Amino acid sequence: LHHRDQLRVWEPDTPETRRLAHLAELRRRLVDERKSVTQRLGSILKLDFPLIITLFAETLHGELVLDLLRRWPTLAELQRVHPKTLRAFFAGHALRHKERQTELIEALRSATPLTRDAALIEPHALFVQSLVRQLAELNRAIAQFDDELQRAVAPHPDEPLFRVLPGAGDALVPRLIVAFGSDRDRYESAEQIQAY
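Every value quoted in this text rests on a predicted model; they were computed, and no experiment measured them.

Enquirer: How would you explain the overall build of the protein chain if you had to name every residue and give the values?
Expert: When its secondary structure is counted, the protein chain shows 10 helices and 0 strands. In the protein chain, the succession of α and β elements from N to C terminus is α-α-α-α-α-α-α-α-α-α. Compactness check: the protein chain gives a C-alpha radius of gyration of 24 Å against a globular reference of 16 Å for 196 residues, more than 25% above the reference. Across its three principal axes, the protein chain shows a C-alpha extent of roughly 75 × 40 × 25 Å. Evaluated residue by residue, the protein chain yields a buried proportion of 37% over its 196 residues. Within the protein chain, contacts between residues at least 6 apart in sequence are counted, and of these 62% link residues at least 24 apart. About 12400 Å² of surface is accessible on the protein chain, with carbon and sulfur atoms providing 56% of the total. Once the 28 positive and 28 negative side-chain charges of the protein chain are each reduced to a mean point, those two points are 7 Å apart.

Enquirer: So what's going on with the side chain of threonine 38? Residues and values would help.
Expert: Tracing the sequence through the fold places threonine 38 in helix 1 (residues 15-48). For threonine 38, a relative accessible area of 14% gives the class buried. What threonine 38 contacts, discounting residues up to four positions off in sequence, is Leu60, His61 and Leu135.

Enquirer: Tell me about the pattern of salt bridges, and name the residues and values.
Expert: Here the idea is simple: oppositely charged side chains can pair when their charged atoms come close. Using the criterion set out here, one finds 12 salt bridges in the structure. For glutamate 25, the salt bridge identified is with arginine 29, shortest N-O distance 2.8 Å. You can see glutamate 25 and its partner arginine 29 sitting in helix 1, 4 residues apart, about one turn around the helix. Since its relative accessible area comes to 40%, glutamate 25 is described here as partly exposed. Look at the salt bridges and you will find they share partners, linking Arg19, Glu148 and Arg151 into a network.

Enquirer: Just give me the short version of the packing of helix 1 against helix 7 (residues 118-153), but keep the residues and values in it.
Expert: Running from amino to carboxyl end, helix 1 crosses helix 7 at an angle of 160°, the nearest separation of the two axes being 9 Å. The angle between helix 1 and helix 7 falls in the class roughly antiparallel. Once helix 1 is placed against helix 7, the crossing between them reads as left-handed. Classifying every residue of the contact of helix 1 with helix 7 by side-chain character gives 24 nonpolar, 4 polar and 8 charged.

Enquirer: Tell me what's going on with helix 9 (residues 172-180), and back it up with residues and numbers.
Expert: The set of residues buried in helix 9 consists of Val173, Pro174, Leu176 and Ile177. Projection of helix 9 onto a plane perpendicular to its axis shows the buried side chains occupying an angular sector of 160°, all on one side. Looking at the buried positions of helix 9, the neighbouring elements they touch are helix 1, helix 7 and helix 8 (159-163).

Enquirer: An account of the side chain of threonine 17 is requested, with residue identities and associated values reported.
Expert: On the secondary structure map, threonine 17 appears in helix 1. Separated by 2.9 Å, the side chains of threonine 17 and threonine 14 make a polar contact. Other than its neighbours up to four places away in sequence, threonine 17 contacts His156, Ile177, Val178, Gly181 and Ser182.

Enquirer: Could you give me a rundown of helix 7, with the residues and numbers involved?
Expert: Think of an α-helix as turning once every 3.6 residues; residues three or four places apart then point the same way. The end-to-end C-alpha distance of helix 7, which contains 36 residues, comes to 51 Å, matching closely the 52 Å that a straight helix rising 1.5 Å per residue would cover. Taking the backbone nitrogen of alanine 119 as reference, a side-chain oxygen 3.0 Å away marks aspartate 117 as the first, capping residue of helix 7.

How each quantity is defined
Residues numbered from 1 in each chain as written. Predicted model: local features only at pLDDT ≥ 70, side-chain atom pairs only at ≥ 80, totals over all residues. Heavy atoms only, no water. Helix = DSSP H or I, 4+ residues; strand = E, 2+ residues; numbered from the N terminus. Rg over C-alpha atoms; globule rule 2.2 N^0.38 Å. Buried < 20%, exposed > 50% of the residue type's maximum accessible area, 1.4 Å probe, protein only. Contact = heavy atoms within 4.5 Å. Areas by Shrake-Rupley, 256 points an atom, 1.4 Å probe, with all protein chains shown as cover. Lys, Arg positive; Asp, Glu negative; His and termini not counted. Charge placed at Lys NZ, Arg CZ, Asp CG, Glu CD. Salt bridge = Lys/Arg side-chain N within 4 Å of Asp/Glu carboxyl O. Axes fitted to C-alpha atoms, helices over the stretch in contact; angles between N-to-C directions. Parallel < 35°, antiparallel > 145°, perpendicular 65-115°, else oblique. Left-handed = near helix turned anticlockwise from the far one by under 90°. Nonpolar A, V, L, I, M, F, W, Y, C, P; charged D, E, K, R; others polar. Arc of directions from axis to C-beta. Polar contact = N/O pair within 3.5 Å; in protein donor to acceptor, adjacent residues only side chain to side chain. Expected span 1.5 Å × (residues − 1).

Dropping the structure here:
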(Lines give C-alpha, C1' and ligand atoms only; values in the text may rest on other atoms or scores of the structure.)
Protein backbone atom coordinates (compact mmCIF):
# COMPACT_ATOMS: atom_id res chain seq x y z
CA LEU A 1 0.00 0.00 0.00
CA HIS A 2 2.75 2.46 0.93
CA HIS A 3 5.86 1.15 -0.86
CA ARG A 4 4.76 0.11 -4.33
CA ASP A 5 7.85 1.69 -5.81
CA GLN A 6 9.92 -1.03 -4.09
CA LEU A 7 7.95 -3.92 -5.59
CA ARG A 8 9.35 -5.52 -8.72
CA VAL A 9 7.34 -7.06 -11.50
CA TRP A 10 7.29 -10.84 -11.24
CA GLU A 11 8.79 -12.53 -14.28
CA PRO A 12 7.86 -16.17 -14.76
CA ASP A 13 10.66 -18.65 -15.33
CA THR A 14 11.21 -20.14 -18.75
CA PRO A 15 9.10 -23.18 -19.67
CA GLU A 16 12.20 -25.40 -19.35
CA THR A 17 12.85 -24.17 -15.80
CA ARG A 18 9.18 -24.49 -14.80
CA ARG A 19 9.16 -28.06 -16.14
CA LEU A 20 12.26 -28.83 -14.08
CA ALA A 21 10.55 -27.32 -11.04
CA HIS A 22 7.55 -29.60 -11.37
CA LEU A 23 9.65 -32.68 -12.05
CA ALA A 24 11.90 -31.99 -9.04
CA GLU A 25 8.97 -31.24 -6.72
CA LEU A 26 6.99 -34.32 -7.72
CA ARG A 27 10.09 -36.52 -7.44
CA ARG A 28 10.60 -35.16 -3.93
CA ARG A 29 7.00 -36.11 -3.07
CA LEU A 30 7.58 -39.64 -4.31
CA VAL A 31 10.77 -39.92 -2.24
CA ASP A 32 8.87 -38.69 0.83
CA GLU A 33 6.10 -41.21 0.16
CA ARG A 34 8.67 -44.00 -0.19
CA LYS A 35 10.18 -42.98 3.13
CA SER A 36 6.75 -43.12 4.76
CA VAL A 37 5.93 -46.56 3.33
CA THR A 38 9.41 -47.82 4.30
CA GLN A 39 8.79 -46.69 7.87
CA ARG A 40 5.44 -48.54 7.89
CA LEU A 41 7.21 -51.64 6.58
CA GLY A 42 9.83 -51.33 9.33
CA SER A 43 7.11 -50.99 11.96
CA ILE A 44 5.29 -54.10 10.85
CA LEU A 45 8.53 -56.11 10.52
CA LYS A 46 9.45 -55.22 14.10
CA LEU A 47 6.44 -57.19 15.27
CA ASP A 48 7.28 -60.56 13.72
CA PHE A 49 10.32 -60.38 11.40
CA PRO A 50 12.81 -57.91 12.99
CA LEU A 51 15.81 -59.80 11.60
CA ILE A 52 15.21 -58.14 8.20
CA ILE A 53 15.64 -54.73 9.85
CA THR A 54 18.79 -55.89 11.62
CA LEU A 55 20.35 -57.25 8.43
CA PHE A 56 19.16 -54.65 5.92
CA ALA A 57 18.26 -51.49 7.88
CA GLU A 58 19.91 -49.13 5.38
CA THR A 59 18.33 -50.74 2.31
CA LEU A 60 14.86 -51.67 3.48
CA HIS A 61 13.31 -50.25 0.29
CA GLY A 62 16.01 -51.78 -1.94
CA GLU A 63 15.31 -54.42 -4.56
CA LEU A 64 17.07 -57.20 -2.65
CA VAL A 65 14.87 -56.77 0.45
CA LEU A 66 11.69 -56.25 -1.57
CA ASP A 67 12.30 -59.40 -3.63
CA LEU A 68 13.23 -61.35 -0.48
CA LEU A 69 9.98 -60.33 1.25
CA ARG A 70 7.95 -60.91 -1.90
CA ARG A 71 9.16 -64.51 -2.10
CA TRP A 72 9.42 -65.29 1.63
CA PRO A 73 7.32 -62.87 3.71
CA THR A 74 7.85 -64.72 6.99
CA LEU A 75 10.87 -65.99 8.89
CA ALA A 76 9.49 -69.55 8.90
CA GLU A 77 9.24 -69.57 5.08
CA LEU A 78 12.72 -68.14 4.72
CA GLN A 79 14.24 -70.67 7.10
CA ARG A 80 12.88 -73.54 4.99
CA VAL A 81 14.75 -72.36 1.88
CA HIS A 82 17.83 -74.35 0.89
CA PRO A 83 21.13 -72.45 1.32
CA LYS A 84 21.96 -72.95 -2.39
CA THR A 85 18.71 -71.21 -3.31
CA LEU A 86 19.55 -68.32 -1.00
CA ARG A 87 23.08 -68.06 -2.42
CA ALA A 88 21.66 -67.94 -5.94
CA PHE A 89 19.12 -65.33 -4.82
CA PHE A 90 21.82 -63.13 -3.25
CA ALA A 91 24.09 -63.52 -6.27
CA GLY A 92 21.19 -62.51 -8.52
CA HIS A 93 20.99 -59.28 -6.54
CA ALA A 94 24.69 -58.45 -6.95
CA LEU A 95 25.62 -59.80 -3.52
CA ARG A 96 28.32 -62.19 -4.68
CA HIS A 97 30.70 -61.99 -1.73
CA LYS A 98 30.66 -65.54 -0.33
CA GLU A 99 31.48 -64.52 3.26
CA ARG A 100 28.62 -62.00 3.31
CA GLN A 101 26.24 -64.59 1.86
CA THR A 102 27.30 -67.10 4.53
CA GLU A 103 26.87 -64.49 7.25
CA LEU A 104 23.33 -63.69 6.07
CA ILE A 105 22.34 -67.34 5.67
CA GLU A 106 23.64 -68.24 9.14
CA ALA A 107 21.80 -65.27 10.67
CA LEU A 108 18.58 -66.33 8.96
CA ARG A 109 18.98 -69.98 9.94
CA SER A 110 19.75 -69.28 13.59
CA ALA A 111 17.08 -66.60 14.09
CA THR A 112 14.42 -67.23 16.70
CA PRO A 113 10.92 -66.02 15.80
CA LEU A 114 9.34 -63.49 18.15
CA THR A 115 6.08 -65.38 17.85
CA ARG A 116 4.69 -68.51 16.25
CA ASP A 117 1.11 -67.25 16.43
CA ALA A 118 -0.31 -67.75 12.93
CA ALA A 119 -3.18 -65.39 13.78
CA LEU A 120 -0.59 -62.60 13.94
CA ILE A 121 1.97 -63.77 11.37
CA GLU A 122 -0.34 -64.46 8.40
CA PRO A 123 -2.14 -61.08 8.35
CA HIS A 124 1.17 -59.30 8.85
CA ALA A 125 2.71 -61.24 5.95
CA LEU A 126 -0.14 -60.09 3.70
CA PHE A 127 0.36 -56.51 4.82
CA VAL A 128 4.12 -56.78 4.26
CA GLN A 129 3.54 -57.97 0.71
CA SER A 130 1.17 -55.06 0.11
CA LEU A 131 3.82 -52.60 1.31
CA VAL A 132 6.46 -54.37 -0.80
CA ARG A 133 4.32 -53.84 -3.93
CA GLN A 134 3.89 -50.16 -3.05
CA LEU A 135 7.63 -49.70 -2.54
CA ALA A 136 8.47 -51.47 -5.79
CA GLU A 137 6.11 -49.14 -7.67
CA LEU A 138 7.52 -46.08 -5.89
CA ASN A 139 11.06 -47.19 -6.80
CA ARG A 140 10.00 -47.49 -10.45
CA ALA A 141 8.31 -44.08 -10.39
CA ILE A 142 11.34 -42.40 -8.78
CA ALA A 143 13.64 -43.99 -11.37
CA GLN A 144 11.34 -42.75 -14.13
CA PHE A 145 11.41 -39.22 -12.68
CA ASP A 146 15.21 -39.43 -12.38
CA ASP A 147 15.47 -40.35 -16.06
CA GLU A 148 13.09 -37.57 -17.07
CA LEU A 149 14.96 -35.05 -14.92
CA GLN A 150 18.25 -36.02 -16.60
CA ARG A 151 16.70 -35.63 -20.04
CA ALA A 152 15.21 -32.26 -19.07
CA VAL A 153 18.31 -30.85 -17.35
CA ALA A 154 20.89 -31.86 -19.99
CA PRO A 155 19.84 -29.28 -22.62
CA HIS A 156 19.01 -26.57 -20.08
CA PRO A 157 21.24 -23.50 -20.64
CA ASP A 158 22.10 -23.29 -16.91
CA GLU A 159 23.14 -26.94 -16.56
CA PRO A 160 26.89 -26.33 -17.11
CA LEU A 161 26.85 -23.47 -14.59
CA PHE A 162 25.46 -25.60 -11.76
CA ARG A 163 27.06 -28.95 -12.74
CA VAL A 164 30.55 -27.66 -11.80
CA LEU A 165 29.55 -26.76 -8.24
CA PRO A 166 31.11 -29.08 -5.63
CA GLY A 167 28.60 -31.66 -4.43
CA ALA A 168 26.05 -30.82 -7.13
CA GLY A 169 25.03 -34.24 -8.41
CA ASP A 170 22.18 -35.46 -10.56
CA ALA A 171 19.52 -34.81 -7.91
CA LEU A 172 20.78 -31.39 -6.81
CA VAL A 173 21.57 -29.71 -10.15
CA PRO A 174 17.90 -29.45 -11.28
CA ARG A 175 16.89 -28.19 -7.84
CA LEU A 176 19.59 -25.49 -7.94
CA ILE A 177 18.49 -24.40 -11.42
CA VAL A 178 14.92 -24.13 -10.16
CA ALA A 179 15.89 -22.30 -6.95
CA PHE A 180 17.88 -19.66 -8.81
CA GLY A 181 15.32 -19.42 -11.60
CA SER A 182 15.79 -18.02 -15.07
CA ASP A 183 15.13 -14.36 -14.15
CA ARG A 184 18.62 -13.07 -13.40
CA ASP A 185 17.24 -9.77 -12.09
CA ARG A 186 15.20 -11.48 -9.38
CA TYR A 187 18.03 -11.11 -6.87
CA GLU A 188 20.07 -7.93 -6.52
CA SER A 189 22.88 -9.43 -4.43
CA ALA A 190 24.41 -12.64 -3.19
CA GLU A 191 23.00 -11.84 0.26
CA GLN A 192 19.45 -11.94 -1.12
CA ILE A 193 20.11 -15.37 -2.62
CA GLN A 194 21.57 -16.59 0.67
CA ALA A 195 18.53 -15.26 2.54
CA TYR A 196 16.25 -17.06 0.06
